[in-house]
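Chains, contacts and geometry: an overview
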Amino acid sequence: MTQPPNSWDDAAAPDPSVPPPSGAYPPPGGAYPPPGGAYPPPAAGPPLGYPSADDKTWALVAHFGGAVGMLVSLGSGGWLPPLVALLVQGQKSPVARAHAVAALNFQITWSIVGAVSYPFWCFFGIGLSVAEKVTD
């Protein structure tokens, strides 16, 4: 025995030959399954192109470690923390390597500027003190 279809059952099951209305997916009744049968599994870790928390930490070590190294060593050791970050993480992470190289170039440049200008400032300071005594 079969029961004749009624209007209520016909409304619950959409006709598969009729395409879904545009802009409404899934339809209000939720009769259409998601494409492909299921949603993709969540990715493990950050999406591609985004740095991980470890990459961000090593970038901070490279940049702020250089500033701390300059302060602690009175202007000559700012290149050490970026070099350490480059040697430790350079082969593992391209993000950490890029930040370490940028910080290392910056710190080496300013260390050279400091080393070259140090004799000038010593001479300038001695010259001022001698000129002050001569004018007295």
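Scoring rules and cut-offs
Residues numbered from 1 in each chain as written. Predicted model: local features only at pLDDT ≥ 70, side-chain atom pairs only at ≥ 80, totals over all residues. Heavy atoms only, no water. pLDDT = per-residue confidence, 0-100. Helix = DSSP H or I, 4+ residues; strand = E, 2+ residues; numbered from the N terminus. Buried < 20%, exposed > 50% of the residue type's maximum accessible area, 1.4 Å probe, protein only. Arc of directions from axis to C-beta. Core = buried A, V, L, I, M, F, W, Y, C linked by side-chain atoms within 4.5 Å. Contact = heavy atoms within 4.5 Å.

**Quick word on the confidence of the model for the protein**
Per-residue confidence for the protein averages 75 on the pLDDT scale, and 60% of its residues sit at or above 70. Within the protein, helix α1 (residues 7-12) has the poorest average pLDDT of any element, 53, and helix α3 (residues 80-89) the best, 89.

**Re the environment of Leu 60**
Residue position: Leu 60 is located in helix α2 (residues 53-72). Among the residues examined, Leu 60 registers a relative accessible area of 48% and is labelled partly exposed. Linking Leu 60 and Ala 85, residues 25 residues apart in sequence, is a C-alpha distance of 9.5 Å.

**Topic: α3**
All of the buried residues in α3 are Pro 81, Pro 82, Ala 85, Leu 86 and Gln 89. Angular distribution of buried residues about the axis of α3 spans 140°; they occupy a single face of the element.

**Describing the nonpolar core**
By size, the foremost hydrophobic cluster in this structure holds 6 residues: Ala 62, Ala 85, Leu 86, Ala 100, Ala 103 and Leu 104. For this core, the secondary structure elements donating two or more residues are α3 and α4 (94-135). A per-element tally of this core places α4 first, with 3 residues. Apart from residues no more than four positions distant in its own chain, Leu 86 is found in contact with Arg 97, Ala 100, Val 101 and Leu 104.

**Let's talk about the side chain of Gln 89**
Mapped onto the fold, Gln 89 is located in helix α3. Once residues within four sequence positions are removed from consideration, Gln 89 is found in contact with Asp 54, Trp 58 and Ala 96.

**Focus on the side chain of Gln 107**
By secondary structure assignment, the location of Gln 107 is in helix α4. Contact partners of Gln 107, with chain neighbours within four places excluded, come to Gly 66, Ala 67, Met 70, Gly 78, Trp 79 and Pro 82.

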